[in-house]
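Here's the letter readout for the chains.
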4 protein chains.
Amino acid sequence: MQLGMVGLGRMGANIVRRLMRSGHECVVYDRNPEPGRQLAADGATAVADLAAMVASLQAPRHIWLMLPAGAITEATIAEFAALLSPGDVLIDGGNAFWKDDIRRAGELAHKGLAYLDVGTSGGVWGLERGYCLMIGGPEDVVKRMDPIFAALAPGAGDIPPTPGRDGRDPRVEQGYLHAGPNGAGHFVKMIHNGIEYGMMQAIAEGFDILRHADSPQLAPELRLDLDVADIAEVWRRGSVITSWLLDLTSTALAADEDLTGYSGYVDDSGEGRWTVQAAVEEAVPAEVLTAALYTRFRSRQDHTFAEKVLSAMRKGFGGHVEPKPALPKDPKA
Amino acid sequence: MQLGMVGLGRMGANIVRRLMRSGHECVVYDRNPEPGRQLAADGATAVADLAAMVASLQAPRHIWLMLPAGAITEATIAEFAALLSPGDVLIDGGNAFWKDDIRRAGELAHKGLAYLDVGTSGGVWGLERGYCLMIGGPEDVVKRMDPIFAALAPGAGDIPPTPGRDGRDPRVEQGYLHAGPNGAGHFVKMIHNGIEYGMMQAIAEGFDILRHADSPQLAPELRLDLDVADIAEVWRRGSVITSWLLDLTSTALAADEDLTGYSGYVDDSGEGRWTVQAAVEEAVPAEVLTAALYTRFRSRQDHTFAEKVLSAMRKGFGGHVEPKPALPKDPKA
Amino acid sequence: MQLGMVGLGRMGANIVRRLMRSGHECVVYDRNPEPGRQLAADGATAVADLAAMVASLQAPRHIWLMLPAGAITEATIAEFAALLSPGDVLIDGGNAFWKDDIRRAGELAHKGLAYLDVGTSGGVWGLERGYCLMIGGPEDVVKRMDPIFAALAPGAGDIPPTPGRDGRDPRVEQGYLHAGPNGAGHFVKMIHNGIEYGMMQAIAEGFDILRHADSPQLAPELRLDLDVADIAEVWRRGSVITSWLLDLTSTALAADEDLTGYSGYVDDSGEGRWTVQAAVEEAVPAEVLTAALYTRFRSRQDHTFAEKVLSAMRKGFGGHVEPKPALPKDPKA
Amino acid sequence: MQLGMVGLGRMGANIVRRLMRSGHECVVYDRNPEPGRQLAADGATAVADLAAMVASLQAPRHIWLMLPAGAITEATIAEFAALLSPGDVLIDGGNAFWKDDIRRAGELAHKGLAYLDVGTSGGVWGLERGYCLMIGGPEDVVKRMDPIFAALAPGAGDIPPTPGRDGRDPRVEQGYLHAGPNGAGHFVKMIHNGIEYGMMQAIAEGFDILRHADSPQLAPELRLDLDVADIAEVWRRGSVITSWLLDLTSTALAADEDLTGYSGYVDDSGEGRWTVQAAVEEAVPAEVLTAALYTRFRSRQDHTFAEKVLSAMRKGFGGHVEPKPALPKDPKA
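What comes next is a walk through the structure. On a predicted model such as this, the values are computed, not experimentally measured, just so you know.

## Focus on the side chain of His192(C)
Piece 1. Structurally, His192(C) can be placed in helix H10 (residues 184-211).
Piece 2. Of note is the side chain of His192(C), whose polar atom sits 3.4 Å from the side chain of Ser239(D).
Piece 3. Those residues within four positions of His192(C) in sequence are excluded, and the remaining contacts are Ser121(C), Met134(C), Trp235(D), Ser239(D), Val240(D) and Ile241(D).

## Topic: the relation of the copies chain D and chain C
Piece 1. It takes a turn of 180° to lay chain D on chain C, together with a shift of 0.0 Å along the axis; the resulting RMSD is 0.1 Å. The superposition of one copy onto the other is thereby described by a two-fold rotation axis. No C-alpha of chain D approaches the rotation axis more nearly than that of Ser243(D), which lies at 1.9 Å.
Piece 2. The overlap is high: 100% of the interface residues of chain D also sit at the interface in chain C, so the same surface is used on both sides.

## Quick word on the relation of the copies chain B and chain D
Piece 1. Superposing chain B onto chain D requires a rotation of 180° together with a translation of 0.0 Å along the rotation axis, leaving an RMSD of 0.0 Å.
Piece 2. The residues that chain B uses at the interface reappear at the interface of chain D in 100% of cases, marking a shared surface.

## Topic: the pairing of strand E4 (residues 62-65) of chain A
Residues and elements named next belong to chain A.
Piece 1. Here E4 shows two buried faces, one formed by His-62 and Trp-64 and the other by Ile-63 and Leu-65.
Piece 2. Where strand E1 (residues 2-6) lies against E4, three bridges are found, and the strand directions are parallel. In the strand pairing of E4, Gly-4 is matched with Ile-63.
Piece 3. Note that E4 and strand E5 (residues 89-92) share four bridges and pair parallel. Bridge pairing in E5 links Ile-63 to Leu-90.
Piece 4. With respect to chirality, the unit in which E4 leads through helix H4 (residues 71-83) into the neighbouring parallel E5 is right-handed.

## Quick word on the sheet that holds strand E1 (residues 2-6) of chain B
All names here are of chain B.
Piece 1. The strand order across the open sheet formed by eight strands is E3-E2-E1-E4-E5-E6-E7-E8, and the pairing between neighbours is mixed. The sheet is open, and its two borders are formed by strand E3 (45-46) and strand E8 (176-180), each paired with just one other strand.
Piece 2. As judged from the two bridges shared by strand E2 (residues 25-29) and E3, these two strands associate in the parallel manner. Within E3, the residue paired with Val-28 across the bridge is Ala-46.
Piece 3. Across the sheet, helix H5 (residues 98-109) lies against strand E5 (89-92) and strand E6 (114-121), angled at about 150° from E6, the strand it touches most.
Piece 4. Across the sheet, helix H10 (residues 184-211) lies against E5, E6, strand E7 (132-136) and E8, angled at about 15° from E6, the strand it touches most.

What counts, and where the lines are drawn
Throughout this description, residue numbers start from 1 for each chain and increase along the sequence as written. Here every chain gets a letter starting at A, and every ligand a number starting at 1, in the order they are written. For this predicted model, a pLDDT threshold of at least 70 governs which residues receive local features, and a threshold of 80 or more governs which side-chain atom pairs are given and counted, while totals over whole chains, interfaces and linings are taken from all residues. With hydrogens and water stripped out, all remaining heavy atoms of the structure feed into the side-chain values. Every helix listed is a DSSP run of H or I at least four residues long, and every strand listed is a run of E at least two residues long, numbered separately from the N terminus. Residues adjacent in sequence count toward polar contacts only when both atoms are side-chain atoms; beyond that, a polar contact is any pair of N or O atoms within 3.5 Å, and within protein one must be able to donate a hydrogen and the other to accept it. Residue contacts are counted whenever heavy atoms from the two residues lie within 4.5 Å of one another. All copies are superposed by least squares; the fitting set is the C-alpha atoms of residues with a pLDDT of at least 70 in both. Whether a residue is buried, partly exposed or exposed follows from its accessible area with a 1.4 Å probe, protein chains only, as a fraction of its type maximum: under 20%, in between, or over 50%, in that order. By definition, two strands form a pair when at least two bridges between them are found by DSSP. A right-handed crossover is one whose linking path, passing over the helix from the first strand to the second, runs clockwise when the strands point away from the viewer. The convention used is that axes are lines fitted to C-alpha atoms, helices contributing only their stretch in contact, and that angles between N-to-C directions extend from 0 to 180 degrees.

Okay, structure coming up:
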């Protein structure tokens, strides 16, 4: 079927490629004309603006936005709202805030337009492995677009089936889920990323302790010099923590067990923050997911003001003058 | 080759079975004679006491202990120390504390006995999938016992190889690792379990937030009724958090998405505590691994004394009288 | 000067009493007529509705709302907005969300009305000790109301002056602060409460560890039977953690060192949640303030769904069947 | 009465001074002769070695060690054990590990020597304000030394008495506590310091959020420029969080609200670590005390290995290349 795609970054462009491999017809647009030219060479129809995209698609139109969350997405939706006709569908496949989805869906419904929020996981591997899709919106629209979602999803692959799922929605085992009404798709994707932060942090802390098993803070007879690359690899087979994140860790450590190419500055992309906000709003304790987020905040500062307040108090009651060492780039080095 | 096995619980018995499938000869003992009888029916030699085991094995002997950590293991090692001959080998395959391994190895070395500490992951699935092994001790002993370890380990299987490992120790990709000198095997296993706690807690918190997405604390138009079983399943394909722990979660939720068969009382088995201790000794921050442990502590109490102290202060400054509700068994129910 | 007070709960009524002791004239209203009758006996003018209050005050009017945060406050402000005249002032002395203050101030400004947000700390002790006030809003209005704030604040008392404050705003040492424009008063009060949660939790955890120093998990020769009431008391003199919260803890433990009158169910009142939200929005790590909040969430549940998910995974990989004990009411008992 | 003091750093020397002010007779020793000379000028008897100290004191002798925890204290105790006579008393007033106290007391008892472990709080202010003392050991020895403890403690001062303490041990209200048998003194001091870490961190995080209330991450209309020095000061009067630590914070911020003289590198001194260890051994959740410790660990590194592991995973699944900015010395600056 036909799909318009707005936003041809890595994610948007690869979604288009995966759809075209399954025979779908894509009309594409990006502010930067270059990725559209490349996709046109592969069979897509590149257009020069949103009006041209609307003109190029048959009603009811299905237009997928793959843009940075926030102002650009909002502006693009507003522009489309003026161009589209009742029955047309806008899909936000980016990482929008789920409450924004609920608001937007209500606004678009007033104009007869449908809206889907689609959480999309898969990263740089999605083109080959497929995208795990978490969809929020009206069931009839989700059904109508089933060929698109089925083409994007990974499929059952050689992953063993989960016992006890007979009679349940078979789409789920293909790797796409109609999670509920608008907001549900991005809510589920948000929690996915929140869990991702927590699992990553668990692995990262474990390797930090392993790396410092020869710490001078330990008695000499207790110091252990461990090979973190081999440890990551052995855990990939038969251990309880086998996971894709561990696979990636093993690959990175095999290349350089000191990870010297990484600064240690770690970004966060919004979903981790929204996850904490949801936990707080629901009054659900979420220690691990929150600690994982705070670690990233901390990684982006030389020192916090909080730490200086601690030093100031310590000087006040104990006369401690905190040293001001040039911090080691790596405490092991 | 020959192996003596002491402790025929599920782990010990299945290790024996997996070894015999590869043609190894096992002499077995347990205080309870029943599992020995069953293994004898499968071809093992069951003996009546430790002295009989020593008599049944050819020197140099290799005896694997699969016993609860602590007093029983210590007593058994002491008894063997009096029975064995120089050159014999004791292997502790349980979850010992790594500092105990270092001490024990030193004590046994005085008598000419060798010692290996082997962290063993695989749980109830190890018999079929194989055991991930993390080994500490002298390289010559580890080499001599290679047929045993190779038979127990999962092998490379169909897990994709990690790029960049050419020239590295090939045993690792078979699922067993000589991690270093004594203590290293259980240290690595300890951190494995610490990471396991953290990853489990990340997943658990995420599903808690999902389950309460329809919380009455949210405005009515924002409440979402989500199917946690389908969510777990869809994440198994193409998402970033694919993992064995997620597979297990999906299986459990497919059987009963309310998990009514579980009380919520969660044990911990020592390695999580030792992981925190190691982090503190090395001065490595380990927020997530520690929070995961504390959650388990908390799960085993009705209320903490700390919470009562909070209520007492609140009454003191604000006159708040904390309600004493019968706590709901499930806040969703 | 004249002040109208709406909301005559403990806080509102005591503020009126403290003001009347300093000779201020109060017009009071509450949905429930009883507290107004009592205050009228002490010299206040009790009125029957908001219109009567407006009629009873001379312009420019100053009306203080001491109502539960949320819908009631919003409705009351809306009703006053229709009754008041340009130049009149509304003060919200409750625990409003600071972003609501900024919005409200903007809305009221369109009608020529001024607005102050006043964070008020002091609890049940404020009548005698005075209230610590954190004020947001226009400086001219804050200045005009100075007699009110000065009467409510504790004054310098016998608290030793802080060195180095010469030339700084002298109101601060009297216990009231003009923190900044609208929103600043409640923002500062919010952080005050966030810190309060964290300090309370620190004290509470410490006493929990003290109380369980005779835990059966410790070797018998290491168990200590400590008197938590005496410990709290001794720390009141000369220790680094002397604080009002410790004073209150000592009082509670002197009355009953088992705190049997407290269930352990601990409420939270909004500011702790908003503090976490502010930390996340500013990307400031706030581990302790957040953990303190989550402890309260956890205290209000029998078991979390997260804990059941942990048990389900443990059964999946290890065959562990979590016991379902009747939880002890107190692990020490 | 007579007291020997070994270790004349700031704490040891000031204890001697405070005792001499009350008429006690002090024999003093330090490896460095200078502080002994100064105290001799004030009336103490300075000796040249431990044997001379033993010779200078009448039996039963009371000798207080104020030395760094660890090897020096152990060696000094061993040396005294060979010099002293049955009935003599050794007091460790430093920050020893409570399990070491129990071991040492047992060892010394074999030689007929008594041992006290005395946790001492008061820092640089102790000379004037008095020291809060937490004492472990035999009651008869504690009673005999009461004049010493009474002279060191702050006394009741003008701190309001706690209601409900009639009939309780009156020493406690003077600021010294016989906490229990050996180990109890340092256990209680350890938890004091653990709570201290937690309270400090709560205050520090709060001020960090206040300082960044004008963060560019907030919408412009929500940014607040707050005066943290005035905020600390106002909370000293009538607020719930009044405390000595807040007093010290106010003093530091009054001097420089940017705290530019502090690097943000924060040490920890052992008790915080032991507190976490005790919590883990007792299975008491102690989130806040632990997070406070980890913050200090983190403050002493440029970047953790854990953070690099996070970046490596992020590159692996998402192609994210973490920037390597020169970290701002202060995110506000």
